[in-house]
Each structure stands twice: as C-alpha cells, then as structure tokens.
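Architecture and fold: a report
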Amino acid sequence: MNPYPDYRPHPPDSVQAGKIPIIEVTGQGIITAVPDRALIVLGAISEGTVLSQVQKENAAIMTRIINALKGLGIPGEHIQTEDFRIDMQYDFQDGKQTFRGYKVTHLLQVTTDRIGQTGTIVDTAVVNGANTVNSIRFAAAKPEEYENKALSTAIVNAKHKAATVARTLGVSLPPVPGEVEEITLAGGPVPYKAVAFTQSASVVTPIEPGEITFSAAVRVKYK
C-alpha cells in the first residue's frame, strides 16, 4: 500500500518538457593539396601632369606586357583587366592643396595552370614595363574535390567524437545523426605577396607555391 497516495513520481526534466536527449558535437576536416593554378595580379602605374600623355604612356606599356605574355603561350582569355583607374594627385603644404598631376593604374590578372611558369611571367612583365606586382595567389583548378574531402573528414571526425561521448555516458549512438549543419569557415588559399621586382633581374624570380589548405567544419546532433 502506498503510504503517500497523493505522490506521483516525476519524470526527468527532459521528458517533462517533451525533449529528447541530444548529443551535439562539432567536427573539423583539413585537407592539404599542391596547387595547380596561379593567379598573378600585376601591371603598370604611370604618372604625369598631362592626362592624355600619361594615358598614352600607360597604354603603350600595357600593350607590350600583354603581347609579351601571349608570347609565353598564355591565352588571351587568361589575361584580363583586374583594375583600371585614374587618380588626381595633390601635395598639401601649409594648409594648401596643390595639384601635382595624374596617376593612371592598370592591373591585369594573369591565370596559368603551369605553376613553374609563375616566376617567368612576373619577370617577363617587369622587363616589358610592369612596375607593380600586387599579389600572386595559388589555388586548385578543381577546388570542389578538396572541399568535399574536407567536409567528409569533418563529418567522420564529428561521428568519432559523438561515439566517445556515447560510450562514456553508457548509451547507444544511432547510425545516422538527426541533424548535420555545415559551419562556414573564413579563409582560403593564402596569397604570396610580392611588390618589389627589379627590371635588371638576370635570373627567373624564384616563387614557391607550397601547399594550400581546405577546411570544413560541421555541427552534428544525435538524438
């Protein structure tokens, strides 16, 4: 006989609230790859007091650069204008603004799948008048392959973590998670920055592509 007729056992809080216990973990996957594509941003900056002359000078330099790059076997569709702008320049002295001249900047993005040609491309452009190299960025021609591998690795990593939690708690883990969410990570191929190249260089500029890293992260919930 129940000595406390008005007592009723209370279920756990999670059951009371209609909630199902959840194991939630995050997983990360990292894949490295040897780049097979280079994107080089370079060009010419011209300055002067007469805009038409500055534009003409800059256009002549860029024409020489483009023709020289095509001479290396780079298709025209792999040479595209990245930036073109005309700026007015001023000097400031004693609170006064004095017009100094114009600056014309024309930058090209050159794409090549021949990584070993990167240094030659830079040197060829410099010899033909390029005076600025903004960046050299290495990438994969088919990044989705590595991105998918990184994502798969992240899911496996999350599953191993969840299994460890389940074993520790003495519960079973369902074969399929109830929810998988990809977490966006900032980042991407790291560019090789280069701005100082001399036109008197007698050897090919050594540029090492190294490796690029692809990362993925997921949040996984097992009910």
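Right, let's walk through the structure included here. Keep in mind the model is a prediction, meaning the values are calculated, not measured.

1. So, a negative patch on the surface
The grouping of Glu144, Glu145, Glu147 and Glu182 at the surface amounts to a negative patch. Of all the elements, helix α4 (residues 143-169) adds the most residues to the negative patch, at three residues.

2. Observations regarding the sheet that holds strand β6 (residues 179-183)
Taking strand neighbours across the sheet as the criterion, the three strands line up as β1-β8-β6 in an open arrangement whose pairing is antiparallel. Looking at which strands have only one partner, the edges of the open sheet turn out to be β1 (23-33) and β6. Neighbouring strand axes in the sheet, compared pairwise and without regard to direction, differ in orientation by 25 degrees on average. Across five bridges, the pairing between β6 and strand β8 (residues 212-222) is antiparallel. Each bridged residue has a counterpart across the sheet, and for Val180 the counterpart in β8 is Val220. Seen against the sheet, α4 touches β1, β6 and β8 and runs at an angle of roughly 145 degrees to β1.

3. A closer look at the pattern of salt bridges
Across all of its chains, the model carries six salt bridges by this definition. Note that Arg85 and Asp87 form a salt bridge whose closest N and O atoms lie 3.3 Å from each other. Since its relative accessible area comes to 27%, Asp87 is described here as partly exposed. Taking the shortest distance from any N to any O, the salt bridge between Arg219 and Glu181 comes out at 3.2 Å. On the criterion of sequence distance, the pair formed by Arg219 in strand β8 and Glu181 in strand β6 is long-range, its members being 38 residues apart. One continuous salt-bridge network, built from bridges that share partners, spans Glu24, Glu181 and Arg219.

4. Quick word on the environment of Ile115
By the element assignment, Ile115 lies in the loop between β4 (96-112) and α3 (118-127). The class for Ile115 is buried, based on a relative accessible area of 17%. Taking the C-alpha atoms as reference points, Ile115 and Arg37, separated by 78 residues in sequence, lie 6.1 Å from one another. Aside from chain neighbours lying at most four places away, what touches Ile115 is Pro35, Asp36, Arg37, Ala38, Phe138 and Pro209.

5. With respect to the environment of Lys56
Within the secondary structure, Lys56 is located in helix α2 (residues 51-71). Between the alpha carbons of Lys56 and Ser46 there is a distance of 9.5 Å; along the sequence they are 10 residues apart.

6. Some remarks on a nonpolar patch on the surface
Side chains of Val165, Leu169 and Val171 sit close together on the surface and give an oily, nonpolar patch of about 250 Å² of accessible area. If you trace the backbone, Leu169 turns up in helix α4.

7. Re the side chain of His106
Within the fold, His106 resides in strand β4. Of the polar contacts made by the side chain of His106, one reaches the side chain of Thr81; its length is 3.1 Å. Excluding anything up to four places from it in sequence, His106 contacts Leu42, Gly43, Ala44, Asn58, Met62, Thr81, Asp83 and Phe84.

Parameters and conventions
- Residues numbered from 1 in each chain as written.
- Predicted model: local features only at pLDDT ≥ 70, side-chain atom pairs only at ≥ 80, totals over all residues.
- Heavy atoms only, no water.
- Patch = residues over 30% accessible without salt bridge, like charges linked within 9 Å, V, L, I, M, F, W, Y side chains within 5 Å.
- Areas by Shrake-Rupley, 256 points an atom, 1.4 Å probe, with all protein chains shown as cover.
- Salt bridge = Lys/Arg side-chain N within 4 Å of Asp/Glu carboxyl O.
- Lys, Arg positive; Asp, Glu negative; His and termini not counted.
- Charge placed at Lys NZ, Arg CZ, Asp CG, Glu CD.
- Helix = DSSP H or I, 4+ residues; strand = E, 2+ residues; numbered from the N terminus.
- Pairing = 2+ DSSP bridges.
- Axes fitted to C-alpha atoms, helices over the stretch in contact; angles between N-to-C directions.
- Contact = heavy atoms within 4.5 Å.
- Buried < 20%, exposed > 50% of the residue type's maximum accessible area, 1.4 Å probe, protein only.
- Polar contact = N/O pair within 3.5 Å; in protein donor to acceptor, adjacent residues only side chain to side chain.

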